[in-house]
Amino acid sequence: MSAPAVVVEDLHVAYGKTWALDGVDLEAAIGTTLGVLGHNGAGKTTLIRTLTTLVRPTIGRVQIEGLDVVGDAIAVRRRIGVTGQYAGLDEFLTARENLELIGRLTGLRRTARAQADALIDRLGLHEYATRRAGELSGGSRRRIDLAVSLVGSPSVLFLDEPTTGLDPLARAGLWDVVDELTAAGTTVVLTTQYLEEADRLADHIVVLSRGRVAARGTPTQLKRIVGGKVLSATIPAGQLADLRFIPDANRVDGDRARVSVTVDDATAATALVSDLHRSGIEITDLDVTSPSLDDVFTHLAHTPGAHR
Amino acid sequence: MTTTTPSIERRRIGDQLAALTVRNLRTSARVPQLLMFSLTMPMAMLVLFSQVFRSVAAGPGFPAGTSYIVVFLTPAMLAVSTVMAGTNAGVSAAIDHTNGLHDRFAALPMRAALPGVARTINEAVFTLARAALLGIAAVALGFEFYGTAMDAVAAVVVLVTLAAAMSALFGLIGDRLRRPDVVQFAGMMVMMPLMFISSAFAPLETMPGWMQAMATVNPVAHATDALRGHVLGTATAGDTVAALVAAIGLWVAVTAVPVLIRLIRSPRVR
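Residues numbered from 1 in each chain as written. Chains lettered and ligands numbered in written order. Predicted model: local features only at pLDDT ≥ 70, side-chain atom pairs only at ≥ 80, totals over all residues. Heavy atoms only, no water.

Novice: Please clarify how the overall build of chain A should be interpreted in this entry.
Specialist: Of the regular secondary structure elements, chain A holds ten helices and 14 strands. Each of the three principal axes of chain A carries a C-alpha extent, and together these read 75 × 45 × 40 Å. For chain A, with 308 residues in total, the buried portion stands at 49%. In chain A, the proportion of contacts linking residues at least 24 apart, taken out of those at least 6 apart, comes to 67%. Surface accessibility of chain A: about 13,800 Å² in total, with carbon and sulfur atoms responsible for 49%. (Helix = DSSP H or I, 4+ residues; strand = E, 2+ residues; numbered from the N terminus. Buried < 20%, exposed > 50% of the residue type's maximum accessible area, 1.4 Å probe, protein only. Contact = heavy atoms within 4.5 Å. Areas by Shrake-Rupley, 256 points an atom, 1.4 Å probe, with all protein chains shown as cover.)

Here it is in structure tokens:
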């Protein structure tokens, strides 16, 4: 088995007296997508900034393809692409000029123009090619920013909340690009607050909480943390008080209420539905699903540190 | 780990610097309002100040001739407008922080100093353009150059060196404060003493002792004296060297600050 593309060992990063990262260990295998989840302030962006050589580790070791992010920073930068939380574009330059600029700074010289055109084709950015970045919407700028991060064909790509501000169509387009990249052997490290996105893209997930790893595993493994099945039913709002159990969540919409509860398995779900029926609860809609990452996230928020 | 020969590395740095310089020039050219005000500001100042200081020119001890005030003020306007325009470098550095471009550059295989060097080249180009326009306006107001061709060359060198020092100083302020609006106010605070603790508007001998002491390390004061001397044909080699040393000294001090901060902030334990 080949060495991991990204290795983080005992990483601590301090800002003054605050530990933004407090002992993080993780790895990302070559050609896979590592999803980093966490609430605001969990340390996701600090992790990405450390992995991309922008922040020095206070304690610990970080390697990208075997190169140390401090000692071999320039060599690391030749291998990585970064899309930060804000589109890093010159707003007075067009999309093509931004791509060419980064191409030349990456060392592409005469091929910078050709690669800019290739990325415009690949990501369908023709309508922005000759327009200044400052004239475009936030979502359009994010798409150009992604294209810029692909200049130089990096082998490790870091995406810090890349789909924030994108419409569903653009988001799906970005997901397809990530799929293509990993299929071609690119390693992707992705932070996101959209659990659906991590579920769709990530081979492995690390959940950060207060600078520490709260949980890790594949999406399936993480969903097992919650376990069982999630039963969701729509009932008359007036019957909420008649329930013999306390739902994990309920949402009242007019005279209807949507209630959800976690049960051990499908048999328990069936028994619960029978119980509701016997109690005279009128069920108008019913779903029995496996837990989503949203359920995992909610669960971890209530039991931090229990699943490292 | 990849290794590169020095010649390849030099060529790469040259390419990167050329790309960044073109980007800066292109960006400056695409903000016509900034371009117009930046280039015409010293002309407007010269016209205004030559009228305001007419009474000074009419006083005792000032050479006769109504246009002499223009000869006296033009070098000062060159130096002062170079300081004022230097704040553009600070604002553009801060804008790179707010729009995420600074981080993108920092994550590229590129020397950290290159964006600042490109800003300096940009400022030098615009300083020369401003000087040319100011020269035209000054001649229209009666300006005469009393120096030699060597004086003209030396004046250009002094002016460009001052522009580089100001670009580095305000660029550092932009990099540290990271907000264009804050940089503009901070720039004013720095700009005022640089401009007024000099002989640009009044003789240094008329100022309090502490101001005269500060003027000895003020590159704007030395540049104003040297430029005025070259225009009048009275400058000595010492005047030119003092102006260059003061500007280069400030540039070195400003360039050393980020390096020192990086060294202090490298508490890597393991």
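Resuming the write-up.
Novice: Looking at this structure, I do not really get the interface of chain B and chain A. What am I missing?
Specialist: How big an interface is tends to be reported as the loss of accessible area on association of its parts. Of the residues lining the interface, 31 residues belong to chain B; the matching set on chain A comes to 39 residues. Interface area, chain B with chain A, both sides summed: about 3,300 Å², of which 54% is carbon and sulfur. There are six salt bridges connecting chain B and chain A. Arg23 of chain B is the salt-bridge partner of Asp90 of chain A, the closest N and O atoms lying 2.6 Å from each other. For the pair chain B and chain A, the number of links is twelve residue pairs in polar contact (both at pLDDT 80 or more). Secondary structure elements with two or more residues in the side of chain B that touches chain A: α1 (6-29) and α5 (101-106) of chain B. Counting residues per element, the side of chain B that touches chain A draws most heavily on α1 of chain B, at ten residues. Of the residues that constitute the side of chain B that touches chain A, the class distribution is 14 nonpolar, six polar and eleven charged. (Buried area = accessible area lost by both parts, 1.4 Å probe. Salt bridge = Lys/Arg side-chain N within 4 Å of Asp/Glu carboxyl O. Polar contact = N/O pair within 3.5 Å; in protein donor to acceptor, adjacent residues only side chain to side chain. Nonpolar A, V, L, I, M, F, W, Y, C, P; charged D, E, K, R; others polar.)

Novice: I'm lost on helix α8 (residues 180-196) of chain B in this one. Help?
Specialist: Working note: α-helix, 3.6 residues per turn, so residues spaced by three or four point in the same direction. Residue and element names in this part refer to chain B. The terminal C-alpha atoms of α8, which comprises 17 residues, lie 24 Å apart, in line with the 24 Å expected from a rise of 1.5 Å per residue. Within the sequence span of α8, burial applies to Val183, Ala186, Gly187, Met191, Leu194 and Met195. Buried residues belonging to α8 abut α4 (68-98), α7 (149-177) and α10 (219-232). (Expected span 1.5 Å × (residues − 1).)

Novice: Explain the packing of aromatic side chains to me, please; I cannot follow it from the model alone.
Specialist: The geometry of an aromatic ring pair is captured by two quantities: the separation of the ring centres and the angle between the planes. For the structure shown, the criterion picks out two aromatic pairs over all chains. Ring centres 5.4 Å apart and planes at 35° place the aromatic pair Phe196 of chain B and Phe201 of chain B in the tilted group. Taking relative accessible area as the criterion, Phe196 of chain B reaches 41% and is therefore assigned partly exposed. Above the face of the Tyr194 of chain A ring, Arg171 of chain A is positioned so that its terminal group lies 4.0 Å from the ring centre. The ring of Phe72 of chain B is capped by Arg228 of chain B, whose NZ or CZ atom sits 3.7 Å from the centre of that ring. (Phe/Tyr/Trp six-rings, centres within 6.5 Å; stacked < 30°, edge-to-face > 60°. Lys NZ or Arg CZ within 6 Å of the ring centre and 35° of its normal.)

Novice: Help me understand the sheet that holds strand β8 (residues 187-192) of chain A in this model?
Specialist: Two orientations exist for strands paired in a sheet by backbone hydrogen bonds: parallel and antiparallel. Residues and elements named next belong to chain A. Spatial strand order, β6-β7-β8-β3-β9-β10: six strands in an open sheet with mixed pairing. Strands at the two margins of the open sheet, each flanked by one partner only, are β6 (80-83) and β10 (212-217). Geometrically, the sheet is characterised by an average inter-axis angle of 15° between neighbouring strands, direction not taken into account. Pairing geometry for strand β3 (residues 33-38) and β8, over five bridges, is parallel. Among the inter-strand pairings, Leu34 is bridged to a residue of β8, identified as Val189. In this fold helix α1 (residues 44-51) packs onto β3, β7 (156-160), β8 and β9 (204-209), with an angle of close to 155° to the strand it touches most, β8. (Pairing = 2+ DSSP bridges. Axes fitted to C-alpha atoms, helices over the stretch in contact; angles between N-to-C directions.)

Novice: What is the right way to look at the confidence of the model for chain B in this model?
Specialist: Caution is warranted with low-pLDDT regions, since their predicted coordinates should not be read in detail. Confidence in the prediction of chain B, expressed as mean pLDDT, is 89, and 93% of residues score 70 or more. Of all the helices and strands in chain B, helix α3 (residues 54-58) of chain B carries the lowest mean pLDDT, 72, while α10 of chain B carries the highest, 96. (pLDDT = per-residue confidence, 0-100.)

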